[in-house]
Amino acid sequence: MKVSYNWLKQLVKVNLPVEKVSEILTDCGLEVEGIEKFESIPGGLEGFVIGKVVEKEKHPDADKLSLTKVDIGREQLLDIVCGAPNVAAGQTVVVATVGTMIYSENGNFEIKKSKIRGAVSEGMICAEDELNIGKSHDGIMVLSNDIEIGTLAKDYFKIESDFVIEIGLTPNRSDATSHYGVARDLAAAIKSLNFNSSDSDLDCILPDITSFKVDNTNLPISIEIEDIAACPRYSGLTVSGITVKESPEWLKNRLKAIGQKPINNIVDITNYVLHELGQPLHAFDAAEITGNKVIVKKQKAGTKFITLDNIERELTENDLMICNVNEAMCMAGVFGGVKSGVSEHTKNIFIESAYFNPVTIRKTSKHHGLKTDASFRFERGADPNATIYALKRAALLIKEVAGGTISSEIVDVYSSKGGNYPVDLNLDFMDTFIGHKIDRSHIKSILKSLEIVVKEEKESVLKLEVPTYRVDVLREVDVIEEILRIYGFNNIPMPEGLKSSISYQLKPNVEKIKNMVSEQLTSIGFYEIMNNSLTAASYSELIGEAFAEKNVRILNPLSKELDVMRQSLLFGGLESISHNINRRRADLKLYEFGKVYSLRDSTAENVVKKYQEQLHLGIWLTGNLQSENWNNAEKKADVFFMKTILNEILKKIGISNYSLTENTKDEMFAFSASILVQNNREIGRFGLVSNQLLKKFDIKQEVYFADFNWDEIIKVITKHKVLYKEISKFPEVRRDLALLVDKTVKFSQIEEIAKKNEKKLLKAVNLFDVYEGEKLPEGKKSYAISFILLDEQQTLTDKVIDKVMERFIDLYQKELGAQIR
């Protein structure tokens, strides 16, 4: 929400720097997010001066240009070339001096000393549009000759400078959706800061409406509310004989400062009062109120209604409408209708000031996608007892800027009058609650500043009445919060001792690491599954007798399908895959974090020694890696993709030094490999699930499965230290080799030889192509290998690089019998 500082200063007599005001507002709960300078004219007319044309003669080389000498109050006259047809000696004009910025719709430019057709020009005599005070460009602007030469244009035109304060308003602070609401908090906070000084008498000043009176009753309009739940209060009056025109400068400046676009004097006044007091108003063209009657009701669902933006909208049964006897005129509290709006032809108006149910307005605003200044306030809860004051304030301002007479009594339909809300404040409880005793007179002063009335004081209890403008202050703790935010949370002293239970976080944080890996897998298309911890013993029997003997059996199983605790996450995942395949979802990427259970020693009496419980991570891949698409080639899940996923997971959690060892016999897999860390400690394994198991689950496509022992991984991470290393400022170099080797040679052998013999410069070895074909000798294959080299102390030279590569070639030829292709 934007607040004008000049406007604030009209409501509260404060003369502090805007930065200090922002600090005070932030401390009392109205967080200031930014401050911007506002000027009613772009640039504030800086550099523009009032001058007099002393001489004028025709330019010798241009028929439409004149040579002038202009006095702007300096020792020497300015030579200015002017192209305006109306320039003449003796005129008082506005001059843009050298260095002045001209702001225009076609772009901004700076006035410079220059030569125009050979004549020196030291400024510019300005037209209205060049000053941004009008639109005329027919000629220069001529002023009255009684103006003192050298007067700054910004002083003559009374250019207003202001600061706009951007407040990040929380949803509960509906009371601060106006300049008066902000001023009230500001005054209360400043008085609290100066409570013990003589300069504490500071009050928020409401605009005076004592001059309000009804001029006649020539245009009465009655009000009827059919839905009092949606509209508990509706007030209105008429003003006749108005002149709809452009608003005066002071009014336009106030609205422009806070980002509002001036429309006409009537609409601008309703917007002005809304931002001043927080009470939305709406002005209707009285000629469009057929039957001289306003009816507040809901229309039939499907009714068409054209709003002020000329969009036809279809109403719902929840939309509260302001109607005449024939049709709807306005969406209550949200948006006006195009037909009943104020136009330049309007002579008589009906002004609405109402209180609408926040829920009703929120439903209408959300359904139609209309977010207006009025709905913003009604949704959060306006003050039902502010309607009459706002109505009188608007009527007086309209008479001031648009003329006319107040031509009806105020009609006020208030179905169930609501007064101030009673709250008891126990001061002893407050002392205990905040841990500090605030002076009782200081508390009463704060309450008074916030317009909370102390009705009775009995011992340490204050019986209060909270005004209706504070819709969120309903409890004792709410009142305490109000006192504290004005008193200042920073002013509550820290106690000498703090009482607290010891709380610490285990490191590494197991849950945090789990969530990190889960987010990583989810981000690349995996779905998390959760399966039952109970499974069928028959699954284990397929793997082997030794495995089945470790089952933790249920004493009283519900069925044969749920008779043991799961030893592996594999079975539940295969059930999920089978379920999806049977429903034509064959391309699957799944993962699950879950506990597995096994019998450690059947003879042990101690439960801990007898049973084992571990946390595991299971990952499944089957079908195509990408969904079928015209520009995606079909690619089946394979062990290499699974290996890439596992590598990225381990890298993410900080495990980089690991090795893979092929398992010669594993009943779960057709082929598999174990993931080993230091001391050959196994933290997981992965591979292609055996056909025997797949047949059991009626799965006819390949399934790749990885099983991480998460408890073991956490133990490894505990000993792992994260090291930070700055990126080298020297460039990496890549060199490629194509090696013809025996089919029995593995890439790991090539990588190991390279890393063993070049530990300083070699940073990475990568296999980017494997070829086996007819053109190669029998029993041979071709590896395309890339080597990344980097010297962190200097830039590598070709000589050094060639030497390293020659050594690699020599080693591969000697140790692997490789040939360079």
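Residues numbered from 1 in each chain as written. Predicted model: local features only at pLDDT ≥ 70, side-chain atom pairs only at ≥ 80, totals over all residues. Heavy atoms only, no water.

(A) Spatial organisation of the overall build of the protein chain. Tallying secondary structure elements over the protein chain gives 23 helices and 42 strands in all. For the protein chain, whose C-alpha radius of gyration is 41 Å, the value lies well above the compact-globule estimate of 28 Å for 821 residues. Expressed along its principal axes, the backbone C-alpha trace of the protein chain runs to roughly 105 × 85 × 65 Å. Residue burial in the protein chain is summarised as follows: out of 821 residues, 48% are buried. Within the protein chain, contacts between residues separated by at least 24 positions form 70% of all contacts whose residues are at least 6 apart in sequence. Of the roughly 44000 Å² of accessible surface on the protein chain, a fraction of 48% belongs to carbon and sulfur atoms. Here the protein chain carries 105 positive and 118 negative side-chain charges, and the mean point of each set is 4 Å from the other. (Helix = DSSP H or I, 4+ residues; strand = E, 2+ residues; numbered from the N terminus. Rg over C-alpha atoms; globule rule 2.2 N^0.38 Å. Buried < 20%, exposed > 50% of the residue type's maximum accessible area, 1.4 Å probe, protein only. Contact = heavy atoms within 4.5 Å. Areas by Shrake-Rupley, 256 points an atom, 1.4 Å probe, with all protein chains shown as cover. Lys, Arg positive; Asp, Glu negative; His and termini not counted. Charge placed at Lys NZ, Arg CZ, Asp CG, Glu CD.)

(B) Main features of a nonpolar patch on the surface. A contiguous nonpolar patch, built from Ile-306, Leu-308 and Val-338 and spanning about 210 Å² of accessible area, is present on the exposed surface. Of note, Leu-308 is situated in the loop between strand S18 (304-306) and strand S19 (312-314). (Patch = residues over 30% accessible without salt bridge, like charges linked within 9 Å, V, L, I, M, F, W, Y side chains within 5 Å. Salt bridge = Lys/Arg side-chain N within 4 Å of Asp/Glu carboxyl O.)

(C) Inspection of the sheet that holds strand S26 (residues 421-426) at higher detail. The strand order across the open sheet formed by 3 strands is S26-S28-S27, and the pairing between neighbours is antiparallel. Since the sheet does not close on itself, it has two edges, and those belong to S26 and strand S27 (453-458), each with one partner. Each strand of the sheet is rotated relative to its neighbour by a mean of 20°, with strand direction disregarded. Pairing of S27 with strand S28 (residues 461-466), which is carried by 5 bridges, proceeds in the antiparallel orientation. Note that in S28 the partner of Lys-458 across the bridge is Val-461. Across the sheet, helix H13 (residues 476-487) is in contact with S26 and S28; its angle to S26 comes to roughly 75°. (Pairing = 2+ DSSP bridges. Axes fitted to C-alpha atoms, helices over the stretch in contact; angles between N-to-C directions.)

(D) Quick peek at the nonpolar core. Counting residues in hydrophobic clusters, the biggest one holds 79 residues, and the most contacted among them are Ile-165, Leu-186, Ile-266, Ile-398, Leu-425, Val-479 and Ile-483. Discounting residues that sit within four places of it in the chain, Ile-165 has contacts with Met-1, Lys-2, Val-3, Tyr-5, Leu-8, Val-18, Val-21, Ser-22, Val-32 and Gly-34. (Core = buried A, V, L, I, M, F, W, Y, C linked by side-chain atoms within 4.5 Å.)

(E) Structural view of unusual backbone geometry. Positive phi is not limited to glycine here, since Asn-292 has a value of about 45°. With respect to the helices and strands, the residue Asn-292 is situated in the loop between strand S16 (281-285) and strand S17 (293-298). Among the residues examined, Asn-292 registers a relative accessible area of 36% and is labelled partly exposed.

(F) Structural detail: the packing of aromatic side chains. This structure, assessed with the given rule, holds 14 aromatic pairs. Members of the aromatic cluster, each reached through a chain of ring pairs, are Trp-7, Trp-250 and Tyr-272. Lying over the aromatic face of Phe-376, Arg-380 brings its terminal NZ or CZ to 3.9 Å of the ring centre. Above the plane of the ring of Phe-768 lies Arg-734, whose end atom (NZ or CZ) is 5.0 Å from the centre. (Phe/Tyr/Trp six-rings, centres within 6.5 Å; stacked < 30°, edge-to-face > 60°. Lys NZ or Arg CZ within 6 Å of the ring centre and 35° of its normal.)

(G) The sheet that holds strand S1 (residues 2-4), seen in detail. Pairing in this open sheet of 3 strands is antiparallel, and the strands run S1-S13-S2 from one edge to the other. The strands lining the two open edges of the sheet, one partner per strand, are S1 and strand S2 (31-39). Each strand axis lies, on average, 25° off the axis of its neighbour in the sheet, ignoring direction. For S2 and strand S13 (residues 161-168), the ladder comprises 8 bridges, and the chain directions are antiparallel. Bridge pairing in S13 places Glu-39 opposite Ser-161.

(H) Inspection of helix H8 (residues 358-368) at higher detail. Buried within H8 are the following residues: Pro-358, Thr-360, Ile-361, Thr-364, Ser-365 and His-368. Down the axis, H8 shows its buried residues gathered within 165° of arc, on one side only. Every exposed residue of H8 that faces more than 90 degrees away from the buried side is listed here: Lys-366 and His-367. Next to the buried residues of H8 lie S19, strand S20 (320-323), strand S21 (328-331), strand S23 (349-355) and helix H9 (373-380). At the N-terminal boundary of H8, the capping side chain belongs to Asn-357, with an oxygen 2.8 Å from the backbone nitrogen of Val-359. Where H8 terminates, the next one or two residues include Gly-369, which has phi positive at roughly 65°. (Arc of directions from axis to C-beta. Polar contact = N/O pair within 3.5 Å; in protein donor to acceptor, adjacent residues only side chain to side chain.)

(I) Up close: the environment of Ser-144. Mapped onto the secondary structure, Ser-144 falls in the loop between strand S12 (142-143) and helix H4 (153-156). Considered as a pair, Ser-144 and Asp-698 are 554 residues apart in the sequence and their alpha carbons are 99 Å apart. A polar contact of 2.6 Å, which involves the side chain of Ser-144, links it to the side chain of Asp-146.

(J) Expanded view of the state of the cysteines. Taken as a whole and assessed by the stated rule, the structure comprises 0 disulfides. Free of any disulfide, Cys-126 has its nearest neighbouring cysteine sulfur in Cys-82, separated by 9.3 Å. By relative accessible area, which is 0% here, Cys-126 ends up buried. Looking at the unpaired Cys-204, the closest cysteine sulfur is the one in Cys-28, lying at 12 Å. (Disulfide = S-S within 2.5 Å.)

Read these as spatial facts, not as claims about activity.
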